Amino acid sequence: MLYDELLIFSKDKIAEFFKNVTLFDNQFNFTEFHKICYENMYAVNNSDCPSTVKELKSQIQELAMVCKKCGPYYMNPRNSSHIKYDLMMGKLFEDILIDFFTQKLHIKAMHADNSNKQYPDCMILCGDKQIAAYFEVKYHSAPFISAINKINRYCYEGSITLDYKKIIKQLELIDSDIERPVFYLHWVDFPCLKGVFFETSEQIKQYIYDNGEEFSREKRVGDDEKNPKSIYLSKFYSPLLQMGTFEEFVELIRKIIKEKKHK
């Protein structure tokens, strides 16, 4: 899998960044267990009627044991969110994917213009200057453990968290200013399910139209470090089972670049 290659490619950068951080014991690993989880939780799962966690535990050896560790670990109060560290971590994953696209896949990627903070953070180029597409990178390691009680969805598929009001602003900008496809890349690193998945801005727009805001979190200590306009408590959770694979994203980007070159 391409995700395997990404982890190998980024191993040293990730190890250096998180050297003083306590991680979940299988974070940034992708074992045979995770391949089985990927197959059962995503590849062959039914988006109209997702498998229950109970059903998956009966299908996947080790899952019950991992769930026992996952719950207590991620249910601990996580009330500190430090903006400087969050920004550094976000940039780390953007840098990794940009380098992976450029160096490994020979798809030229780079950070987008920072003059407008609401623009997508990264872009794919066709040639030296022509922009083929934009993309955002979101890293998710903490499953929404109580998703079944809060939003009536299973934790493994209902944990792709996005800021409701922030995305609304960005979608409005995409509609008015950006004449390029925009994608959201989700680097999912749950204790069970792992991989890179993608959705389009159009998919997100439709999902928000159909479902609206799904959950509002409480303020955290780290929120006090932020500009009040940058605090987003309202959340929604993109449906994992409607997303495409990392491989499909790369294939789609190559198709977009090829079409632009022939115009």
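Caption draft 1: Broad picture of the packing of helix H1 (residues 2–17) against helix H9 (residues 246–261). At a minimum axis separation of 8 Å, H1 and H9 run at an interaxial angle of 90°. What the angle tells us is that H1 and H9 run roughly perpendicular. Together, Leu 2, Tyr 3 and Leu 6 of H1 and Phe 246, Glu 247 and Val 250 of H9 make up the contact between the two elements. Residues of the contact of H1 with H9, tallied by class, amount to 5 nonpolar, no polar and 1 charged.

Caption draft 2: How the structure looks around helix H5 (residues 83–104). Look at H5: 31 Å from first C-alpha to last across 22 residues, which is about the 32 Å you get at 1.5 Å a residue. Looking at H5, one finds that the buried residues are Met 89, Leu 92, Phe 93, Glu 94, Ile 96, Leu 97, Ile 98, Asp 99, Phe 100 and Phe 101. In the core, the buried residues of H5 are packed alongside H1, strand E1 (109–111), strand E2 (122–126), strand E3 (130–140), strand E5 (182–189) and H9. One or two positions beyond H5, positive phi appears at His 106, with a value near 60°.

Caption draft 3: How the structure looks around the nonpolar core. Judged by nonpolar contacts, the single largest core of 38 residues is most densely connected at Phe 93, Phe 101, Phe 135 and Trp 187. Non-local contacts of Phe 93, meaning those with residues more than four positions away in its chain, are made with Phe 18, Phe 28, Val 137, Tyr 139 and Trp 187. Formed by 19 residues, the second largest nonpolar core is a distinct cluster that contains Tyr 38, Tyr 42, Phe 190 and Cys 192.

Caption draft 4: Here's a closer look at the confidence of the model for the protein. In the predicted model, the protein carries a mean pLDDT of 88, and 89% of its residues have values of at least 70. Note on residues 215–232: pLDDT is under 50 here. Beyond four places in sequence and across chains, it has 39 contacts.

Caption draft 5: Up close: the packing of aromatic side chains. Taken as a whole and judged by the stated rule, the model has 30 aromatic pairs. Consider the rings of Phe 28 and Phe 93, whose centres lie 6.2 Å apart with planes at 20°: the pair is stacked. Residue Phe 28 is found in the loop between H1 and helix H2 (32–43), and its partner Phe 93 is found in helix H5; the two are separated by 65 residues along the sequence. Pair check on accessibility: Phe 28 and Phe 93 agree, each one buried. Between Phe 101 and Phe 246, the ring centres sit 6.2 Å apart and the planes meet at 70°, which makes this aromatic pair edge-to-face. Residue Phe 101 is found in helix H5, and its partner Phe 246 is found in helix H9; the two are separated by 145 residues along the sequence. Per residue, the accessibility class of Phe 101 equals that of Phe 246, and both read buried.

Caption draft 6: Region of the structure containing the sheet that holds E2. Pairing is mixed across the open sheet formed by 6 strands, whose spatial order is E1-E2-E3-E5-E6-E9. Bordering the open sheet on either side are E1 and strand E9 (244–245), each of which pairs with just one other strand. Here E5 pairs with strand E6 (residues 194–200) via 7 bridges, running antiparallel. Looking at the pairing, Leu 185 lines up with Phe 198 of E6. Against the sheet, helix H8 (residues 201–211) engages E5 and E6, with an angle of about 80° to E6.

The rules behind the values
Residues numbered from 1 in each chain as written. Predicted model: local features only at pLDDT ≥ 70, side-chain atom pairs only at ≥ 80, totals over all residues. Heavy atoms only, no water. Axes fitted to C-alpha atoms, helices over the stretch in contact; angles between N-to-C directions. Helix = DSSP H or I, 4+ residues; strand = E, 2+ residues; numbered from the N terminus. Parallel < 35°, antiparallel > 145°, perpendicular 65-115°, else oblique. Contact = heavy atoms within 4.5 Å. Nonpolar A, V, L, I, M, F, W, Y, C, P; charged D, E, K, R; others polar. Expected span 1.5 Å × (residues − 1). Buried < 20%, exposed > 50% of the residue type's maximum accessible area, 1.4 Å probe, protein only. Core = buried A, V, L, I, M, F, W, Y, C linked by side-chain atoms within 4.5 Å. pLDDT = per-residue confidence, 0-100. Phe/Tyr/Trp six-rings, centres within 6.5 Å; stacked < 30°, edge-to-face > 60°. Pairing = 2+ DSSP bridges.

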